[in-house]
Amino acid sequence: MNSTSSNRRRWLALAGIAIASFLGCIDFTIVNTAMPAIQHSLQADVEQAQWIVTIFVMALSACMVAAGRLADLLGRRRLLYAGMLVFGAASLGAGLAPSMAALIAWRLLQGVACAALYTTSAAIVAHAFPDSERGRALGLLFAANGLGLAIGPVAGGLLVASLGWRSVFLLNVPLIALAFLLCLGRVDASRGARARFDVAGFVLLAAALPCLLLAIAQGGAWGWRSTATLGTAGAGLALLLLFVWVERGVASPLLQPGLFVNGRFLLAGLANFSLAFFYCAAFFLLPLYLSQVRGQGSAAIGWLLLPVTAVMACVSPLAGRAADRVGTAPPLVAGFAFLALSAAMQAGFTNDAGWTWVIAALAAMGIGWGCILGPATVAALACVPPALAGVAMGASWTLHNLGAALGLTIATVVFQAAGGVTHFQAGFRAALWLLCGLSLLTLALLLAGWRRHGAAAPSTARPG
């Protein structure tokens, strides 16, 4: 195969993988927009409807590390194809669901499938492209993620208004079929080290993380000191401790202990955790500000959030190229500096803040997000052996999802404690200063960690 044909093959495969990743991301934002219509159609209350999102995140978090390990053991291409097929079937089931219980069950399966898609996609792209193009390719992959997040609110509103809420899920079916066809015959086989799958570790982790996330998600409704919250959190912590104990005696552990004594991997994980903490909290608070303080409707809110995600989609490929040339440290430093700036600007939002100021603050958030997402993943992959690429991706994205869950919960607690709906501006301001402080703290920890362990240089090793 000549170089031109090989290059075309790589980029078509990237297009297919990017479509699949795009669909996983758009499901986060598009489902939120469709929630009122789903509630009305299936006659569900707010607490039931929230499980459409919660169960997806729980499944994603619980299966992420296991999916990474299976990708290394069985082959990343094989797991990618399986993830695509399951995602397509789950989307069809969700679109045809006759009840809320059925819809929640299909969303659980979607989360499991997305765990396979997320952990295989970056490792496959990193394997397929040469050193000089790897950062650019990963940047384009994450730009597709940003595009999914960007058009989700607007697309959801348009689809629900014209075709009904079921179209939000059914549209995934032809698109995932297209992604599968683009990848078929163009994705090279790759895997990590051969070893037995750690069934005990998977069961314990798959039980521990949902317990912890359930306690976080329902703590406000149950009461933070209630028996239900403390019991669920205690069970999660006990299972997590048991998981750590079991993993120490397993020949091929699900989660390699060495990852968490690798200083550079911990720095990459910190960047992923803090980013998700920031944007999930901000994406919860911003629509409240735009609706309750500025009086904007759902469609207008969707358009006003575009400066965040559309700018992120544009910046992400540029950050990937920068990581190729100068290493991951400069884009990560710039990213958290922009997040801190955005949070400080948002903390200054008033009832009559100029729209130019609002858009500039949201664009700064998009720049920060785009600077961090791709380079943090490159950094996580660069500091582990090729055989552990899938496990590293799974661990990194698990930290990302935990950051998202904690960010939403803690920001909400701060918002309510400082003012809540009654004194909205005070609560909003307190939560945004929290995010500003988190960004500055992460930036300081990254700089201190790089002085100790060394900042990541431009990529030179090819993941296997």
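Just so it is clear, the model here is predicted, and its values are computed rather than measured.

The rules behind the values
- Residues numbered from 1 in each chain as written.
- Predicted model: local features only at pLDDT ≥ 70, side-chain atom pairs only at ≥ 80, totals over all residues.
- Heavy atoms only, no water.
- pLDDT = per-residue confidence, 0-100.
- Helix = DSSP H or I, 4+ residues; strand = E, 2+ residues; numbered from the N terminus.
- Contact = heavy atoms within 4.5 Å.
- Expected span 1.5 Å × (residues − 1).
- Bend = angle between axes of the 7 residues up to and from the residue.
- Phe/Tyr/Trp six-rings, centres within 6.5 Å; stacked < 30°, edge-to-face > 60°.
- Buried < 20%, exposed > 50% of the residue type's maximum accessible area, 1.4 Å probe, protein only.
- Lys NZ or Arg CZ within 6 Å of the ring centre and 35° of its normal.
- Axes fitted to C-alpha atoms, helices over the stretch in contact; angles between N-to-C directions.
- Parallel < 35°, antiparallel > 145°, perpendicular 65-115°, else oblique.
- Left-handed = near helix turned anticlockwise from the far one by under 90°.
- Core = buried A, V, L, I, M, F, W, Y, C linked by side-chain atoms within 4.5 Å.

Side note on the confidence of the model for the protein
In regions of low pLDDT, the predicted coordinates are not meant to be interpreted in detail.
Item 1. Looking at the protein, pLDDT values average 82 and 90% of them are 70 or higher.
Item 2. By mean pLDDT, helix H11 (residues 298-304) is the weakest element of the protein at 72, and helix H13 (residues 329-347) is the strongest at 94.
Item 3. Considering only residues more than four positions removed or in separate chains, one finds that residues 459-464, a stretch of pLDDT under 50, has 22 contacts.

Things to note about helix H12 (residues 306-326)
Item 1. Between the first and last C-alpha of H12 there are 29 Å, a value that for 21 residues agrees with the 30 Å anticipated at 1.5 Å per step.
Item 2. At Val 315, H12 shows its largest kink, close to 30°, and the proline Pro 317 lies no more than four residues downstream.
Item 3. The positive-phi residue at the C-terminal boundary of H12 is Gly 327, with phi of around 95°.

Some thoughts on the packing of aromatic side chains
Item 1. The final tally for this structure, using the stated rule, is nine aromatic pairs.
Item 2. Ring geometry for Phe 415 against Phe 424: centres 5.3 Å apart, planes inclined by 70°, an arrangement best described as edge-to-face.
Item 3. Judged by relative accessible area, which is 7%, Phe 424 ranks as buried.
Item 4. Taken together, the ring pairs in this structure connect Tyr 289, Phe 349, Phe 415, Phe 424 and Phe 428 into an aromatic cluster.
Item 5. Over the aromatic face of Trp 355 sits the side chain of Arg 294, whose NZ or CZ is 4.2 Å from the ring centroid.

Let's talk about the environment of Phe 277
Item 1. When you line up the elements, Phe 277 lands in helix H10 (residues 263-293).
Item 2. The sequence separation of Phe 277 and Gly 403 amounts to 126 residues, and the corresponding C-alpha distance is 4.5 Å.
Item 3. When neighbours within four sequence positions are excluded, Phe 277 is seen to be in contact with Gly 403, Ala 404, Leu 406, Gly 407, Ile 410, Leu 434, Leu 435 and Leu 438.

Here's the deal with the environment of Arg 136
Item 1. With respect to the helices, strands and loops of the structure, Arg 136 is situated in helix H5 (residues 131-163).
Item 2. The spatial distance from the C-alpha of Arg 136 to the C-alpha of Ala 319 is 8.1 Å, given a sequence separation of 183 residues.
Item 3. Sequence-distant contacts of Arg 136, defined by excluding residues within four places in its chain, comprise Trp 11, Gly 320, Arg 321 and Asp 324.

Side note on the environment of Arg 77
Item 1. Note that Arg 77 resides in helix H3 (residues 76-95).
Item 2. When sequence neighbours within four positions are dropped, the list of residues in contact with Arg 77 reads Ile 124, Val 187, Asp 188 and Ala 189.

Some thoughts on the packing of H10 against helix H14 (residues 355-382)
Item 1. Where H10 contacts H14, the axes come no closer than 9 Å and their chain directions differ by 155°. In terms of axis orientation, H10 runs roughly antiparallel to H14. In terms of crossing hand, the pair formed by H10 and H14 is left-handed. Together, Phe 265, Ala 268, Ala 271, Asn 272, Leu 275, Phe 278, Tyr 279, Ala 282, Phe 283, Leu 286, Tyr 289 and Leu 290 of H10 and Trp 355, Val 358, Leu 362, Met 365, Trp 369, Ile 372, Leu 373, Ala 376, Ala 379 and Ala 380 of H14 make up the contact between the two elements.

Comments concerning the nonpolar core
Item 1. Counting residues in each nonpolar core, the largest one holds 118 residues, and the members touching the most others are Ile 38, Leu 80, Leu 103, Tyr 289, Met 365 and Trp 369.
Item 2. Per-element accounting of this core gives the leading share, 16 residues, to H10.
Item 3. Of all hydrophobic cores here, the second largest spans 19 residues; its members include Leu 254, Phe 265, Ala 380 and Val 384.

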